[in-house]
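Spelled out from the first residue to the last, the chains are:
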Amino acid sequence: MRIPRLILLGLCAALAQGLTAGDSSTTLVAFLNRIGGEGAANRFVVEVEPGLSSSSADVFCITASEGKPCIKGSSTLAVTTGVNWYLNHYAHINLSWNQLTTDLTAVPLPLPEAEETHTCTADYRYYLNFCTFGYSMTTWTWERWQQEIDWMALHGINMPLQIVGLEEVWRRVLVQYNYTDDEAKAFAAGPAFTAWWGMNNLEGWGGTTDSAWFSRQAKLGRQIADRERELGMKPVLPGFAATVPSDFTKKNPAYPTESQGNWGGAFTRPYIMDPSADKFPEVAERYYKALHEVLGTSDYYAMDPFHEGGSIRSGKYAEGYRAIFDAMQASCGDGSKWVIQQWQWAGYQATSLTAVPEGRLIVLDLFSDGKPCFDTYRGYAPQEAIYCTIPNFGGRTGMMGRLATVAKGYFTYKKKYAGVRGIGAAPEAIESVPVCYDLLFELPWLTAAPDVAGWVADYALSRYGQENADAARAWDILRTTALNETGGVQGPHETVMCGRPALTMNAVSSWGSSKVFYNQQKFTGAAFDMMHAAATIGTSGHAGAINMSYDLTDVVRQTLSDYAQSLLAAIQTAGADLNSPLFQARKDLFLRLILDTDRLLGTNRLFRLGNWTETARRAAAEVEGATTATADWLELDNARTLITTWGDRTACEWGLRDYSYRQWQGLLRDYYYPRWNYYFNHQPGLLSTPAAGWFYSEWNWAHELQGEWGAAAKGKQIKAERTFYTPEPEGDTRTVAAEVLGRYILALPKSATSTTYAYRGTDNNYRNSLTVTATQGQLTFPPVVNASEVESLAIDFNNDGTLSSAETTSRSLSIDVPADCAVAKVKGTLTLTDGTTVIFGADLKTAFPDGLSAPRSQVAPSAATAIDGRPLSPTLSCRAAQPCVRIEAGRKLLARE
């Protein structure tokens, strides 16, 4: 067992949870049995001891008692955080979205050798973004919500945003203001779009007037909020942001309102009430009364007027902010605080800092990891602020993190500005790259930024439950590549597989980028290392293997995605003649790549479209009197629409299309592949896009309507045969990962400890990093492919810059070196039948070192293949009565841009 890290007690002010040991014992037993299986609580001693903290700070202590691991905490939430620390750092069990529960009833639970105590340095540990309720939580059932709340408790979160049930709140308010029940319900957006309705960007999109849905949301919302309170959290509830339906004044002439403008090119924003109107306090009071009836009370209320470009002609911004605060104060009390997002603020939004009384506004510096604004607003003085990260935008699939930036950033800004009193994650979507969240929520329990290299090494052990050199090496590579983004790009770089077809593609979504920001050679090496680790760890059966299945899928998926970008560029290079064999070979390879990636993703539940669509359909079971139409509405008008067109045609073409694209099994095969197939093959010899654009085909797929891809007429909307996607994995991740890596990537040995990775179907220039040395009159390229795949092997023997037929051989990996060759390192080119070229350095200086032509003793060539992925040891490879060849290599890795 590792020696535990002992952290000195520090001081911090934390939110008082108001729980006694007696209040929490039942809660903690139920919590442990939920995350670890019935009976798991019997294997721990857990105690709430408020006296552990000499202030209001949260403290946990890990020790041993009664022959069991003992976790003591100053509050219920401190105990649950300590449980997670113990599981990761002692038992080496990592619970994340791909595995939210595990069986703790039989696994070894080592006893701590010394007492380890941690004190929190963050008053506020915030979690979620309005967008998360759309891009990830759209139709979660209570079962899934329970697991997420337990995940929050494991990570010490004490301020989770909670907006489920907002639909019913507004229904109760509007029926008091001349709205019929159906009119009131029509104001609310559908579950996939509630986030943007809650942020005052739109109204009604994707919604329903089904009363049973509103009842379901109200019940679920209260369950969520109450469970959060039970575990010691204080939910951040949606407060009154002075916004009402755009037709509110038409129905209520005595209540003046003002337009905020449109959002997303097509959506009418809710209107803002005149803050000086006599009726303003009345509407706010009725809103809070309904809110507290549905969701209960809290100390924190989220309100974001003028979000993402909203503005008013009257200029009553300061008055508006003060009126919003006064309304919260009147209905929620002196202890209430306003939580506001700082996201691309205009100058008038910054007036909130002084319009609200000091200390009553908590500002979420939403994008602290990519574009921190603490310096711009002087730490948001005189208000409080939270250092936040946005690990993902839109739910777009991709591996990206800023581990080093985040580890230092929280402590840097906390030290610089006294008002920075918390840390938070504000992802637009979750269930991806869990390492980012594990690091983030450990930071408040440390006294200084950790050494990220050491932390990641510990994480690899916790993640898989065992030491594994290949896994450790893979994670160290990930730490320095995909998890070390240092710019301000919004989300992971985007895969061209999922973009609207074009030979040149700089982004898939309107605000993203497809530029790879790290060394692809290194990252590809991590994929092979992970594959080798999986051979030992496994991908099923125990907690570490289940985590490996997810990680291997994700890392290989990312490797193939990066490769796709290079392959598309190679297709463009070959595109002068669309009927040429080279163009045809490369575009066929690209289409096959999409389908093979789909098959890989199908081996893990979290990468399957069926996991998303079946969740939507299961939510209908929680709606009283639900029918198939209810399930279809949840799946088609909400879940599928969000991840494809997002809005109607205007909003789609304005820029929202593919903002939430997903690299998921089923979606690649049935949505992205048909687009690319139409583009490449609809009219042979002519790259083709639909005359009416892509929208109608995309909309038809999302809504199960009939019509070929590229159909020009919107009127072709006949219901197609239902397509149901399943969440159950198919195939073994290790087997499929090995197959697809071998099919698209050549692992070329440079030395006994180093490998160069070449992309199939592309031009790979490794002249300065890969050297093949000729000896005794022959040069043989490493045996990574069969000779039948070789189009030609050419060496510029006379070093004149050209390759003649005399310098070229076909269908062979070996070529004889003429006696009059240049005594130099020259250019060599291997060309394969699938359009792959590998340019390398051919060292001819020792082709005839001693003038001997007699046969040498034979040494069998290496049996390793490209699928192995491990560097081949330098070997002698020759045939009887033939000169021998020795393979050498330089040490420098070639970075591919």
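The notes below deal with the structure included here. All residue numbers refer to position in the chain's written sequence, counted from 1. Only residues with pLDDT of at least 70 are given local features in this predicted model, and only at 80 or more are side-chain atom pairs given and counted; all residues enter the totals for whole chains, interfaces and linings. To obtain the side-chain values, all non-hydrogen atoms of the structure were included, while hydrogens and water were left out.

## Focus on the overall build of the protein chain
Phase 1: Where helices and strands are cited, they refer to DSSP runs of H or I of at least four residues and of E of at least two residues respectively, numbered from the N terminus. Within the protein chain, the secondary structure is distributed over 25 helices and 28 strands.
Phase 2: For the radius of gyration, the atom set is restricted to C-alpha positions; the globular benchmark scales as 2.2 Å times the number of residues to the power 0.38. Against the 2.2 N^0.38 benchmark of 29 Å for 897 residues, the protein chain shows a C-alpha radius of gyration of 30 Å, consistent with a compact globule.
Phase 3: Projected onto its principal axes, the C-alpha positions of the protein chain cover 105 × 70 × 50 Å.
Phase 4: Here the protein chain holds 897 residues, and the buried ones make up 63% of them. The buried label goes to any residue with under 20% of its type's maximum accessible area, the exposed label to any with over 50%, and the partly exposed label to all in between, with areas taken from a 1.4 Å probe on protein chains only.

## Concerning the nonpolar core
One recurring pattern in soluble globular proteins is that nonpolar side chains are buried together.
Phase 1: Grouped together as the largest cluster of nonpolar side chains are 261 residues, with contacts concentrated most on Trp145 and Trp196.
Phase 2: Ranked by residues supplied to this core, first place goes to helix 18 (residues 543-573) with 11 residues.
Phase 3: Every residue pair with non-hydrogen atoms within 4.5 Å of one another is taken to be in contact. With near-sequence residues (within four places) excluded, tryptophan 145 lies in contact with Phe133, Met137, Trp140, Met152, Val164, Leu220 and Ile224.
Phase 4: The term nonpolar core refers to a set of buried residues drawn from Ala, Val, Leu, Ile, Met, Phe, Trp, Tyr and Cys, joined through side-chain atoms within 4.5 Å. The next biggest cluster of nonpolar side chains, apart from the first, holds 28 residues, and it includes Leu746, Val790, Ile795 and Leu844.

## Digging into the layout of surface pockets
Phase 1: Space inside and on the surface of the protein is sampled on a 1 Å grid over the protein atoms alone, with a cavity defined as a set of points where a 1.4 Å probe fits but cannot get out and a pocket as an open set with protein on both sides within 12 Å along at least 5 of 7 lines; lining residues have an atom within 4 Å of a point. Grid points are joined across faces, edges and corners, and a volume is the space filled by probe spheres set on the points. If you add up the space inside the largest pocket, you get close to 920 Å³.
Phase 2: Along its surface, the largest pocket is lined by 40 residues, and Trp97, Glu431, Arg605, Leu606 and Asn611 are the ones closest to its centre.
Phase 3: Residue assignment for the lining of the largest pocket shows that the elements contributing at least two residues are helix 4 (142-154), helix 18 and helix 20 (609-619).
Phase 4: Three classes are used, and their members are as follows: Ala, Val, Leu, Ile, Met, Phe, Trp, Tyr, Cys and Pro are nonpolar, Asp, Glu, Lys and Arg are charged, and the others, Gly among them, are polar. Across the lining of the largest pocket, the residue classes tally to 14 nonpolar, 16 polar and 10 charged.

## As for the pattern of salt bridges
Phase 1: By definition, a salt bridge exists where a carboxyl oxygen of Asp or Glu is found within 4 Å of a side-chain nitrogen of Lys or Arg. Taken as a whole and assessed by the stated rule, the structure comprises 58 salt bridges.
Phase 2: Glutamate 698 is paired through a salt bridge with arginine 675; the nearest N and O atoms lie 2.6 Å apart. Taken together, the positions of glutamate 698 in helix 24 (residues 695-702) and arginine 675 in helix 23 (residues 667-681) put the pair 23 residues apart, joining distant regions of the chain. Like arginine 675, glutamate 698 is buried.
Phase 3: Put simply, Glu168, Arg171, Arg172, Asp181, Asp182, Lys185, Lys289 and Glu293 are held in one network by salt bridges that share partners.

## Description of helix 24
Phase 1: Most of helix 24 sits out of view: 8 of its 8 residues are buried.
Phase 2: Listing the buried residues of helix 24 in full gives Phe695, Tyr696, Ser697, Glu698, Trp699, Asn700, Trp701 and Ala702.
Phase 3: Looking at the buried positions of helix 24, the neighbouring elements they touch are helix 20, helix 21 (628-642), helix 22 (649-656) and helix 23.
Phase 4: Following helix 24 by one or two positions, glutamate 704 adopts a phi angle in the positive range, close to 55°.

## A short note on the sheet that holds strand 12 (residues 271-273)
Phase 1: Strand pairing is assigned whenever DSSP detects at least two bridges linking the two strands. An order of 8-12-9 is seen for the 3 strands of this open sheet, with the pairing classed as antiparallel. Either end of the sheet is taken by a strand with one partner, and the two such strands are strand 8 (243-244) and strand 9 (257-258).
Phase 2: Strand direction decides the pairing type here: strand 8 and strand 12, joined by 2 bridges, are antiparallel. In the strand pairing of strand 12, valine 244 is matched with tyrosine 271.

## Observations regarding the packing of helix 5 (residues 166-174) against helix 10 (residues 280-295)
Phase 1: Axis separation between helix 5 and helix 10 bottoms out at 9 Å; the angle between their running directions is 135°. In terms of axis orientation, helix 5 runs oblique to helix 10. Crossing of helix 5 over helix 10 shows right-handed handedness. Within the contact between the two elements, helix 5 uses Leu166, Glu168, Val169, Trp170, Arg172 and Val173 and helix 10 uses Arg286, Tyr287, Ala290, Leu291, Glu293 and Val294. Fitting a line to C-alpha atoms yields each axis, with helices limited to the stretch in contact; the angle taken between N-to-C directions then spans 0 to 180 degrees. Orientation is classified from the angle alone, with under 35 degrees giving roughly parallel, over 145 giving roughly antiparallel, 65 to 115 giving roughly perpendicular, and any other angle giving oblique. Here a crossing is taken to be left-handed if its near helix is turned anticlockwise relative to the far helix by less than a right angle, and right-handed if that turn runs clockwise.

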